[in-house]
Amino acid sequence: MRFRCSLCQQHYPLHTREWRCSRCQSPFELDQSFAFKRSKIDKRVTTLWRYRAMLPELKEKNIVSLGEGWTPLVEAVIEGRRILCKLDYFSPTGSFKDRGTTVLVSFLKELGIETVVEDSSGNAAASLASYCARAGIKTKIFAPADASPAKLAQIKIFGAELCPIEGPREKSAKAAQAVAKEFYYASHVYNPIWLEGIKTYAYELWEQLDGKAPDAMVAPAGHGSLVRGAYKGFAELQSAGLIKRIPRLYAVQAEIVAPLYKAWTKKLDQLQDYWRHNLVDLLPGQTFSTIAEGIAVSRPPHWAKILHFIRDTGGSVVTVSDKEILRARNAMAHQGLFIEPSSAAAIAGLSKLKDQIKPRDLVVVLLTGSGLKSSTILS
Ligand SMILES: *Cc1c(COP(=O)(O)O)cnc(C)c1O
Ligand SMILES: [Zn+2]
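Here's what I pulled together on the structure shown here. Sequence order sets the numbering: in each chain, residues are counted from 1 along the sequence as written. Key to labels: chains lettered from A, ligands numbered from 1, both in the order written. Whole-chain, interface and lining totals are the exception, using all residues; otherwise, since this is a predicted model, local features are given only for residues with pLDDT of at least 70 and side-chain atom pairs are given and counted only at 80 or more. The side-chain quantities take in all heavy atoms of the structure and omit both hydrogens and water.

A look at the packing of aromatic side chains
Logical step 1: Two aromatic rings, drawn from Phe, Tyr or Trp (for Trp, its six-membered ring), form a pair once their centres lie within 6.5 Å of each other, and the interplanar angle then sorts them: stacked below 30 degrees, edge-to-face above 60, tilted otherwise. On inspection of all chains with the given rule, the structure shows 12 aromatic pairs.
Logical step 2: Aromatic pair Tyr12 and Phe28: ring centres 4.7 Å apart, planes at 45°, arrangement tilted. Of this pair, Tyr12 sits in strand E2 (residues 11-12) while Phe28 sits in strand E3 (residues 28-30), placing them 16 residues apart in sequence.
Logical step 3: In this structure Tyr12 comes out as buried when scored by relative accessible area, which is 6%.
Logical step 4: For every residue, the accessible area obtained with a 1.4 Å probe (protein chains only) is divided by the maximum for its type, and the residue is called buried under 20%, exposed over 50%, and partly exposed between those limits. Take Phe28: its relative accessible area is 5%, and that puts it in the buried class.
Logical step 5: Summarising the aromatic geometry, the rings of Trp19 and Tyr190 are spaced 4.8 Å apart at their centres and angled 75° between planes, so their arrangement reads as edge-to-face. Of the two residues, Trp19 is situated in the loop between E2 and E3 and Tyr190 in the loop between strand E9 (184-185) and helix H5 (192-198); the sequence distance between them amounts to 171 residues.
Logical step 6: Overall, Tyr190 belongs to the buried group, its relative accessible area being 11%.
Logical step 7: Ring pairs connect the aromatic residues Phe3, Tyr12, Phe28 and Phe107, which therefore count as one cluster.
Logical step 8: Taking NZ or CZ as reference, Arg50 lies 3.8 Å from the ring centre of Trp70, over its face. Here a helix means four or more residues in a row that DSSP labels H or I, a strand means two or more in a row labelled E, and each is numbered from the N terminus. Sitting over a ring, as applied to charges here, requires NZ of Lys or CZ of Arg to be within 6 Å of the ring centre and within 35 degrees of the ring normal.

Regarding the coordination of the zinc ion (ligand 2)
Logical step 1: Atoms are scored as donors when they are N, O or S and lie within 2.8 Å of the metal, with 3.2 Å used for Na, K and Ca; no water is included, so coordination may look incomplete. Those protein atoms acting as donors to the zinc ion (ligand 2) are Cys5 (SG), Cys8 (SG), Cys21 (SG) and Cys24 (SG), and they sit at 2.3 Å.
Logical step 2: Coordination at the zinc ion (ligand 2) is tetrahedral: its four donor atoms span angles of 96 to 122° at the metal.
Logical step 3: Going along the chain, you hit the donors of the zinc ion (ligand 2) in the pattern C-x2-C-x12-C-x2-C. With a gap of 16 residues between them, Cys8 in the loop between strand E1 (3-5) and E2 and Cys24 in the loop between E2 and E3 connect regions that are remote in the sequence. Donor angles set the geometry label: tetrahedral for four donors if every angle is between 85 and 135 degrees, square planar for four and octahedral for six if opposite donors exceed 155 degrees and the others are between 65 and 115, irregular for anything else.

In structure tokens:
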């Protein structure tokens, strides 16, 4: 197995220290896909490692697991519609990021990596700091100085070196990338191994729904890993003949930081030469703040792929305001589910999708992050 440039197809060995294509700057993907087999699920394992046979091959002794995945599926009612919520905030560090991190850190252990660097709005870094602590890997984190204090504290408590960066999320990314020659850049955005862990939520849903896929999935989107992971996982199930179609994928963005939404409404992914552009050429920059800090990403590198997946499944992209996000957060809390605003964005998005989601559709929303990290937002 190797990394491959998602655009020019140049190959790179798995142990490369390049974190994107050095020829054309596009993100990597894996040059191999995995065949899902029902008989290969290890049903004795109640973490996402029950799907180990469908993940990159790793030695048993290098697997760094804290009990992630295999999360509950519970009902909620939003504006009269019954939905199923997958409680991924039941994760070792309180967010779905642990799914990707367990696979990535195991891979890093296998490579013998000793020090890593990463940037994040908070949850990805807290997750990485936790798993690296467990693996004995030193961690250096660049995160926005105004990220939730609970997330910043969590990063430090795990023993990572935290470098707060003033300004928008992108500045933290630039700071991490600037030292990526010195330390391994353990990026949850660029490293394709991380996405392999995320795809397992599609497998779990299929098992929990007795071998069915939902009709629609609604997800908050910043860098779009939920959309990319769902597409990957469900596509593997489809190739194995286990589901008829991939669910319609709906992405929800914060009104004020909505590059995917703008690119979607302008159909930028359908431009003849879209791959020659990155969003910087196509959309004016926007770096305002929102309470949905986990999805405040103004330049998602996988934007075109995300839009292709959404288009292919018949979904769409919508936006929500901070006020709508808070209302959704509270509506969930009143049903006993305490999620962070970035997570509540998806719930808020449901009311924008009334024309697109039919009353009889089976709708799943993955609840990405725990409300405990943002408990100071009260109104
Ligand atoms: C990271 C994160 C998201 C968004 O994930 P992307 O891959 O950036 O789209 C949503 N909610 C929470 C709680 C997160 O931590
Ligand atoms: Zn390339």
